[in-house]
Amino acid sequence: MNKDLTVGKAEAVLWQFCLPLFGSIIFQQLYNIADSLVAGKFIGENALAAVGNSYEITLIFIAFAFGCNIGCSVVVSQTFGAKEFDRLKTAVTTACIFSGAVCLALMLGGILGCNPLLHLMRTPEEVFADSKLYLDIYIWGLPFVFFYNIATGIFSALGDSKTPFYFLAVSSVSNIGVDILFVKAFRMGVAGVAWATFLCQGISCILAVLAVWRRLKKIPCLKKPVLFDRGLLKRILVIAIPSILQQSFISVGNILIQTVINGFGASVMAGYSAAVKLNNLVITSFTTIGNGISNYSAQNLGAGKYGRIREGFRAGIKMVWCLCIPFCALYLLFGKYLLLLFMEKGSGAALLTGRQFLWILAPFYFVVSTKLVADGILRGTSAMGQFMAATFTDLILRVLLAFVLSDLTKSALGIWCAWPVGWTIAMALSVFFYRRKTKGYR
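Definitions and cut-offs
- Residues numbered from 1 in each chain as written.
- Predicted model: local features only at pLDDT ≥ 70, side-chain atom pairs only at ≥ 80, totals over all residues.
- Heavy atoms only, no water.
- Helix = DSSP H or I, 4+ residues; strand = E, 2+ residues; numbered from the N terminus.
- Buried < 20%, exposed > 50% of the residue type's maximum accessible area, 1.4 Å probe, protein only.
- Lys, Arg positive; Asp, Glu negative; His and termini not counted.
- Salt bridge = Lys/Arg side-chain N within 4 Å of Asp/Glu carboxyl O.
- Contact = heavy atoms within 4.5 Å.
- Axes fitted to C-alpha atoms, helices over the stretch in contact; angles between N-to-C directions.
- Parallel < 35°, antiparallel > 145°, perpendicular 65-115°, else oblique.
- Left-handed = near helix turned anticlockwise from the far one by under 90°.
- Nonpolar A, V, L, I, M, F, W, Y, C, P; charged D, E, K, R; others polar.
- Core = buried A, V, L, I, M, F, W, Y, C linked by side-chain atoms within 4.5 Å.
- Disulfide = S-S within 2.5 Å.
- Phe/Tyr/Trp six-rings, centres within 6.5 Å; stacked < 30°, edge-to-face > 60°.
- Expected span 1.5 Å × (residues − 1).

S.K.: Describe the side chain of Arg379, naming the residues involved and giving the relevant values.
M.R.: One can find Arg379 in helix 12 (residues 365-380). Here Arg379 is buried and forms no salt bridge, its nearest opposite-charge partner Asp375 lying at an N-O distance of 5.6 Å. Contact partners of Arg379, with chain neighbours within four places excluded, come to Ile70, Val74, Ile239, Ser243, Thr287, Gly290, Asn291, Ser294, Met384 and Phe387.

What follows is the structure in structure tokens.
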């Protein structure tokens, strides 16, 4: 069901729209968490380290898919808010053509470049083969990743956050079962983890694309939409390229940080792999709510209802802070037991690494969530220069401080301390840019 986000009380509209998005991302993260959980529980610590090591590279591919998602979603939201249904459909097909070309280029780059990249990351010999195997299988599933992201972006743009939730709920739960089947029953090792994700993502992608196609056919048009429009592509790229750059640079930064972590051995790698999955569950949840706020802002911008955008910021802060409280308490009080879910016989070093990471980062979820809400407004109103400035500040600080502090402390503890510094300064910038952008909105 399509939903107009330009009417109704802002807080109620956002809660109704964003809660299914939050549920969707919880299930989306189950893909990655299940991979690490099954690898660590049923294969071993080295397998957990290998999946975690590969995950940092897969985030580069996901960054491009995410950028295409956001570019399509914001432009479709703006045309939907303005009731320009012919251009809405053209924006969808234009985004699909562009995304397909990007996906093919990434597949080629991945096939040729992952092996050298694993060497550059100083991947230990005992986890190298499994890391490479996981990536080789993952790359062939990239079309599923891209077009599923496009489909969910279109649903969100039309104000429908429930349909993607249903797809993800079923496919994510299925992925856990297939993971266990392939690894425990068929004894396929890390390959089983990768093939399970490939299979379940493929099915969810096909179903989501078919559902989008049926939904779009029901939207009335005054004339037949054209297949491709350069003007709309330019509008998509204005949003997509900064989003891709943001996510890509974050991924590259994470790879650089992973390089530092790899220097401390497989046990620290395994502990980080488990803890960062728990952390990413939270950060991705906040990011997804920020994306929902982008759709809300874009629809209201298209409809000329500027005052509702500022109302959306206040409602968004309340929403993410309500999520911060349970996540923060859970990780601080029960982090040890959550980490043990990933480890059959986790070493003391692995467990200590994961607990330190969560202890340091969890209290700052209130800070980073505020940044991501402000970022959502900036993206939805096409203020991409300010958005990138705040994001790159965070990234550069975290990478530089990870190298400096790990060298000073001679331990991985220094790396974890870099996160709060980057988040705090970037949050201040994002909120400043948001206030300046919306100062005249009434």
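S.K.: Any chance you could break down the side chain of Ser294 for me, citing the residues and the numbers?
M.R.: Of note, Ser294 is situated in helix 9 (residues 266-302). Excluding residues that lie within four positions of it along the chain, Ser294 makes contacts with Gly376, Arg379 and Gly380.

S.K.: Give a description of the packing of helix 12 against helix 13 (residues 384-409) that names residues and reports values.
M.R.: Contact geometry of helix 12 with helix 13 gives a least axis separation of 8 Å together with a crossing angle of 155°. Taken together, the axes of helix 12 and helix 13 lie roughly antiparallel to each other. For the pair helix 12 and helix 13, the sense of crossing is left-handed. Side by side, helix 12 and helix 13 meet where Lys371, Asp375, Leu378 and Arg379 of the first sit next to Met384, Gln386, Phe387, Ala390 and Thr391 of the second. The residue inventory of the contact of helix 12 with helix 13, partitioned by class, reads 4 nonpolar, 2 polar and 3 charged.

S.K.: Can you break down the nonpolar core residue by residue, with the values?
M.R.: The biggest cluster of nonpolar side chains holds 72 residues, and the ones touching the most others in it are Phe286, Tyr331, Phe357, Tyr365, Ile415, Trp416 and Trp419. A total of 15 residues in this core trace back to one element, the largest contributor, which is helix 9. Not counting the four nearest positions on each side in its chain, Trp419 is found in contact with Ile257, Tyr272, Phe357, Leu361 and Arg398. Membership of the second largest hydrophobic core comes to 60 residues, among which are Ala39, Val75, Tyr138 and Ala169.

S.K.: For the environment of Leu413, give the residues involved together with the corresponding values.
M.R.: The topology assignment puts Leu413 in helix 14 (residues 413-437). Apart from residues no more than four positions distant in its own chain, Leu413 is found in contact with Gln356 and Ile360.

S.K.: Give a detailed account of the state of the cysteines, specifying residues and quantitative values.
M.R.: A full pass over the atoms with the stated rule returns 0 disulfides. Free cysteine: Cys72, not disulfide-bonded; nearest cysteine sulfur from Cys96 at 6.5 Å. In this structure Cys417 is a free cysteine whose sulfur lies 16 Å from that of Cys328, the closest cysteine sulfur available.

S.K.: Tell me about the pattern of salt bridges, and please be specific about residues and values.
M.R.: Within the structure shown, the criterion is met by 7 salt bridges. Between Asp160 and Arg215 there is a salt bridge whose closest N-O contact spans 2.9 Å. Of this pair, Asp160 sits in the loop between helix 5 (142-157) and helix 6 (162-185) while Arg215 sits in helix 7 (residues 190-217); the two residues are 55 residues apart in sequence, bridging distant segments of the chain. We note that Asp160, like Arg215, is buried. The salt bridge partner of Asp375 is Lys371, with a shortest N-O separation of 2.4 Å. Of this pair, Asp375 and Lys371 both sit in helix 12, separated by 4 residues, roughly a single helical turn. Comparing Asp375 with Lys371, the two get one shared label, buried.

S.K.: Tell me what's going on with the packing of aromatic side chains, and back it up with residues and numbers.
M.R.: Taken as a whole and assessed by the stated rule, the structure comprises 18 aromatic pairs. Between Phe357 and Trp416 the ring centres are 5.2 Å apart and the planes differ by 85°, which places this aromatic pair in the edge-to-face class. One end of the pair, Phe357, is in helix 11 (residues 348-361); the other, Trp416, is in helix 14, and 59 residues separate them in sequence. Among the residues examined, Trp416 registers a relative accessible area of 0% and is labelled buried. Geometrically, the ring pair formed by Tyr365 and Trp423 is tilted, given 6.3 Å between the ring centres and 40° between the ring planes. Of this pair, Tyr365 sits in helix 12 while Trp423 sits in helix 14; the two residues are 58 residues apart in sequence, bridging distant segments of the chain. As far as the burial class goes, Tyr365 and Trp423 line up, both buried.

S.K.: I'd love a proper account of the packing of helix 10 (residues 307-340) against helix 12, names of residues and values included.
M.R.: If you want to describe how two helices pack, look at the angle between their axes and the distance between the axes. Remark: helix 10 packs on helix 12, axes separated minimally by 9 Å, with the N-to-C direction vectors making an angle of 150°. Compared by their axis directions, helix 10 and helix 12 come out roughly antiparallel. Here helix 10 and helix 12 pass one another in a crossing that is right-handed. Packed against helix 10, whose contacting residues are Ile309, Phe313, Gly316, Ile317, Val320, Trp321, Cys324, Ile325 and Tyr331, the element helix 12 presents Tyr365, Phe366, Ser369, Thr370, Val373, Ala374 and Ile377 at the interface. Residues of the contact of helix 10 with helix 12, tallied by class, amount to 13 nonpolar, 3 polar and no charged.

S.K.: Run through helix 11, naming residues and quoting values.
M.R.: Each turn of an α-helix holds 3.6 residues, which means side chains three or four residues apart point in the same direction. The end-to-end C-alpha distance of helix 11 is 20 Å, a good match for the 20 Å that 14 residues give at a rise of 1.5 Å each. Taken together, the buried positions of helix 11 are Ala350, Leu351, Thr353, Gly354, Phe357, Leu358, Ile360 and Leu361.

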